[in-house]
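These are the residues of each chain, in order.
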Amino acid sequence: MDEALMEKLLADYDADKYDHEGIKGKRMAERLYQLSKIGLTDEGGSMRIGFSKEERQAKELVKKWMREAGLNVREDGAGNVYGRLAGKNDALPAILAGSHVDTVPNGGHFDGTLGVVSALEVVEAWRESGFQPERPFEAVIFTDEEGSRFNGGYLGSKAMMGQAKMEELLKWKDGNGMSFEEVLATDGLTADSFKYARRNPEEMALYIEIHIEQGKRLEKAGLPCGIVNGIAGPAWFELTFEGKAGHAGSTPMPVRSDALVAAGKFIYELNKLPGQVSESAVATVGKLFVRPNGVNVIPGEVTLYADVRDIFGDEREKLISKMRQLIREVEAEFSVKVAEKELVRISPVAIRPDVQEKLAEAMGEIGVEPMKLPSGAGHDAMIVGEKIPVAMIFVKSKDGISHSPQEWSRLDDCVQAVRVLKKFVENY
């Protein structure tokens, strides 16, 4: 984000209208700008891969801001950063708020960083007004949410919640052939320290995250922010369609066992299934390999990857069952065999109704119509939410663009989300 883009953030921002109770849009804009300069790409995007020197530099900058805001700052063995503000009753479980500062390659300037800057802005507002919350509040930066280094994300939140499987992690290598332990060492961490990043869930009352929507619902509704009512859990499947390769010219159509035609039918029909289950269900095939992959050869084998999601666990299972029934139908119609391998299954996370209601009350206080919407993408809140209550506030995202240098949210929308976060935490 160059200075011209920072000027764009502030160009139509009305401080008199949106700055309230110590919240300052200009301070947020300056911090988003400072973070954007770390790992800035030639295309104007962000490049801060997990455990990289750029992610480390961004963490150190935020730690500096945390200390200046009067927070007690610590970092655990997985690289997660916590800035703690004592509560009036400091023995109560803490409320955590934040996100991450790592990015996908050539990503945007709001995904993750907005959540971190927003949590810190609440603390800054309290500091200026002399307010102390009833329970402790922690601004948090989770390590490696995006998972670009090892194609497996949420490592920081998994470590905090005791879900990191070290025996598997130690087998990982990145794209340069560096082992997980070697990569940790470049960031001043160790496998032993990573193991001890786990926290007791009983010391945390709730985790809340501000994030850009990564969709167009809020933009279509003309609302600055909204309430997430559930986070879809992904289930990933590797499906290999086994047919018979043959000469494209000499094999008659009626006797073919074309793996690609069978896979094509599966992909087309899979697209129809989510609507039979729920409004929030989705299914995607985004990766496919054809063998032998010759111009004049009937495909004998196709491997594809199906991503099936919903915010409701039972509905997702229904969708998976329908997908498997479709596989059987395709096998029979095209004389192929399909081998299935389940790769990932993360539980969907529903946001508690009482938490959603408290967010709605906070939105009402600042004059924003409460709109509830699902999150199709995964977030650290999805991992944390398996053990403790979580909440998410989405911010309107221009054209729904995410993971791109074109990612954009207006500053006034961001600030209104921070106002909601502040009131929510004060009243929780």
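Please read all numbers here as calculations on a predicted model, not as lab measurements. (Residues numbered from 1 in each chain as written. Predicted model: local features only at pLDDT ≥ 70, side-chain atom pairs only at ≥ 80, totals over all residues. Heavy atoms only, no water.)

Thoughts on the packing of aromatic side chains
Note the threshold: Geometry of aromatic contacts follows a simple scheme: Phe, Tyr and Trp rings, the Trp one being its six-membered ring, pair when their centres are within 6.5 Å, and the pair is stacked under 30 degrees between planes, edge-to-face over 60, tilted otherwise. The cut-offs for exposure are 20% and 50% of the maximum accessible area for each residue type, with area from a 1.4 Å probe on protein chains only; residues under the lower value are buried, those over the upper are exposed, and the others partly exposed. Helix numbering and strand numbering both begin at the N terminus, where a helix is a DSSP run of H or I of at least 4 residues and a strand a DSSP run of E of at least 2. Throughout this description, the term charge over a ring refers to an Arg CZ or Lys NZ atom that lies within 6 Å of the ring centre and within 35 degrees of the ring normal.
Under the counting rule described, the total for this entry stands at 13 aromatic pairs. Centre to centre, the rings of Trp-126 and Phe-131 are 5.5 Å apart; their planes meet at 40°, and the pair counts as tilted. The exposure class assigned to Trp-126 is buried, which follows from its relative accessible area of 1%. Pairing Phe-150 with Trp-172 gives two aromatic rings, centres 5.7 Å apart and planes at 35°, and the pair type is tilted. One end of the pair, Phe-150, is in the loop between strand 4 (137-142) and helix 6 (155-160); the other, Trp-172, is in the loop between helix 7 (166-169) and helix 8 (180-186), and 22 residues separate them in sequence. For Trp-172, a relative accessible area of 25% gives the class partly exposed. Aromatic ring contacts, followed pair by pair, group Phe-51, Phe-150, Trp-172, Phe-180 and Phe-194 into a single cluster. Geometry around Tyr-82 places Arg-199 over its ring, the cationic atom sitting 4.7 Å from the centre. The ring of Tyr-305 carries Lys-287 above its face, with NZ or CZ at 5.4 Å from the centroid.

Here's the deal with the packing of helix 4 (residues 53-68) against helix 5 (residues 113-129)
Stated formally: Axis definition: a line fit to C-alpha positions, over the contact stretch in the case of helices; interaxial angles, taken between N-to-C directions, run 0 to 180 degrees. Angular relationships are summarised with four words: roughly parallel below 35 degrees, roughly antiparallel beyond 145, roughly perpendicular across 65 to 115, and oblique for the angles in between. Less than a right angle of anticlockwise turn of the near helix away from the far helix marks a crossing as left-handed, whereas a clockwise turn marks it as right-handed. Whether two residues touch is decided by their heavy atoms; if any such pair falls within 4.5 Å, the residues are in contact.
Two elements in contact, helix 4 and helix 5, have axes whose closest approach is 10 Å; the angle formed by their N-to-C orientations is 15°. If you check the angle between helix 4 and helix 5, you find them roughly parallel. As helix 4 packs across helix 5, the resulting crossing turns out to be left-handed. Between helix 4 and helix 5, the contacting residues are Val-62, Trp-65, Met-66 and Glu-68 on the first element and Val-116, Leu-120, Glu-124 and Arg-127 on the second.

Examining the sheet that holds strand 11 (residues 301-310)
This is how the line gets drawn: Note on pairing: two strands pair once DSSP finds at least 2 bridges between them.
Taken together, the four strands give an open sheet; going across it, the order is 9-11-7-12, and neighbouring strands pair in antiparallel fashion. At either end of the open sheet lies a strand with only one pairing partner, and these are strand 9 (282-291) and strand 12 (337-345). Put simply, the sheet's adjacent strands are angled 20° from each other on average, direction ignored. In the sheet, strand 9 pairs with strand 11 via nine bridges, with the strands oriented antiparallel. Residue pairing across strands places Lys-287 opposite Tyr-305, the latter belonging to strand 11. Those strands touched by helix 12 (residues 313-334) are strand 7 (233-242), strand 9, strand 11 and strand 12, and its axis lies near 160° from that of strand 12.

Some details on the environment of Tyr-305
Condition: The term polar contact refers here to a pair of N or O atoms within 3.5 Å; inside protein, the definition further demands a hydrogen-donor-capable atom paired with an acceptor-capable atom, and it admits residues adjacent in sequence only when both atoms are side-chain atoms.
With respect to the helices and strands, Tyr-305 occurs in strand 11. Between the alpha carbons of Tyr-305 and Ala-159 there is a distance of 27 Å; along the sequence they are 146 residues apart. Once you skip the residues sitting within four places of it in the chain, Tyr-305 turns out to touch Phe-237, Glu-238, Thr-284, Val-285, Gly-286, Lys-287, Phe-289 and Leu-343. Reaching out from Tyr-305, the side chain makes a polar contact with the side chain of Glu-238 at a distance of 2.9 Å.

Some details on unusual backbone geometry
Along the chain, Arg-291 connects to Pro-292 via a cis peptide bond; the corresponding omega equals 0°. When you line up the elements, Pro-292 lands in the loop between strand 9 and strand 10 (297-298). Phi at Glu-21 is positive, roughly 50°, even though this residue is not glycine. Tracing the chain through its elements places Glu-21 in the loop between helix 2 (15-18) and helix 3 (25-36). Within the chain, Asn-106 stands out as a residue other than glycine whose phi angle is a positive 55°. Its place among the elements puts Asn-106 in the loop between strand 3 (94-100) and helix 5.

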